[in-house]
Amino acid sequence: MELVRLGKSPFKRREYSVIRNEQDGNVEVRFLGPENTSDFRTDMTWEDVENLISEFATMKEPKAIFLRQANSLAISARRAGWKPVG
């Protein structure tokens, strides 16, 4: 995972938003702040996302634990012969 500062001057921002762009298995999130702030982008792979879920599950975050359990259930179902439709 990498945090990248965008642009040279932090004093030319006109909008405040989060932009998501998914390409080539990577997720790009841009944090655009209000005026007089810097813009940043985080670049992460799916492996980074899996590591984050694992860390949150270790900290007993309920949603991360649910995702980990759902993933285990899906793996078990496929091993038992279930084939997803679609």
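Residues numbered from 1 in each chain as written. Predicted model: local features only at pLDDT ≥ 70, side-chain atom pairs only at ≥ 80, totals over all residues. Heavy atoms only, no water.

S.K.: Can you lay out the confidence of the model for the chain for me, pointing to particular residues and giving the numbers?
M.R.: A residue-level look at the chain finds 59% of positions with pLDDT of 70 or above and a mean pLDDT of 77. At the level of individual helices and strands, the chain shows its lowest average pLDDT in strand S2 (residues 17-23), which scores 59, and its highest in helix H2 (residues 62-79), which scores 94. (pLDDT = per-residue confidence, 0-100. Helix = DSSP H or I, 4+ residues; strand = E, 2+ residues; numbered from the N terminus.)

S.K.: For the side chain of Asp48, give the residues involved together with the corresponding values.
M.R.: Relative to the helices and strands, Asp48 resides in helix H1 (residues 46-58). The buried category is assigned to Asp48, whose relative accessible area is 15%. Polar side-chain contacts of Asp48 include one of 2.9 Å to the backbone nitrogen of Thr45. Sequence-distant contacts of Asp48, defined by excluding residues within four places in its chain, comprise Met1 and Asp43. (Buried < 20%, exposed > 50% of the residue type's maximum accessible area, 1.4 Å probe, protein only. Polar contact = N/O pair within 3.5 Å; in protein donor to acceptor, adjacent residues only side chain to side chain. Contact = heavy atoms within 4.5 Å.)

S.K.: I'd like a rundown of a nonpolar patch on the surface, residues and numbers included.
M.R.: Among the surface-exposed residues, Met1, Leu52, Phe56 and Met59 lie close enough to one another that they form a single nonpolar patch of about 410 Å² accessible area. If you trace the backbone, Leu52 turns up in helix H1. Owing to a relative accessible area of 32%, Leu52 belongs among the partly exposed residues under this scheme. (Patch = residues over 30% accessible without salt bridge, like charges linked within 9 Å, V, L, I, M, F, W, Y side chains within 5 Å. Areas by Shrake-Rupley, 256 points an atom, 1.4 Å probe, with all protein chains shown as cover. Salt bridge = Lys/Arg side-chain N within 4 Å of Asp/Glu carboxyl O.)

S.K.: Lay out the layout of surface pockets in plain terms, naming residues and giving numbers.
M.R.: Its volume calculated, the largest pocket comes out at about 220 Å³. Lining the largest pocket we find Trp46, Glu50, Ile53, Ser54, Leu67, Arg68 and Asn71. Its residues placed into classes, the lining of the largest pocket shows three nonpolar, two polar and two charged. (1 Å grid on protein atoms, 1.4 Å probe; cavity = no way out; pocket = protein on both sides within 12 Å on 5 of 7 lines; lining within 4 Å. Points joined across faces, edges and corners; volume = space filled by probe spheres on them. Nonpolar A, V, L, I, M, F, W, Y, C, P; charged D, E, K, R; others polar.)

S.K.: Explain the packing of H1 against H2 to me, using residue names and the numbers behind them.
M.R.: Where H1 meets H2, the closest approach of the two axes is 7 Å, and the angle between their N-to-C directions is 120 degrees. With respect to H2, the element H1 is oriented oblique. For the element pair H1 and H2, the recorded crossing hand is left-handed. Facing Ile53, Ser54, Phe56, Ala57 and Thr58 of H1, the residues of H2 in contact are Ala64, Ile65, Leu67 and Arg68. Looking at the contact of H1 with H2, its residues break down into six nonpolar, two polar and one charged. (Axes fitted to C-alpha atoms, helices over the stretch in contact; angles between N-to-C directions. Parallel < 35°, antiparallel > 145°, perpendicular 65-115°, else oblique. Left-handed = near helix turned anticlockwise from the far one by under 90°.)

S.K.: So what's going on with unusual backbone geometry? Which residues, and what values?
M.R.: Peptide bonds are trans in most cases, and residues, glycine excluded, mostly fall at negative phi. One non-glycine residue with positive phi stands out, namely Lys60, at about 70 degrees. Following the sequence through the fold, Lys60 ends up in the loop between H1 and H2.

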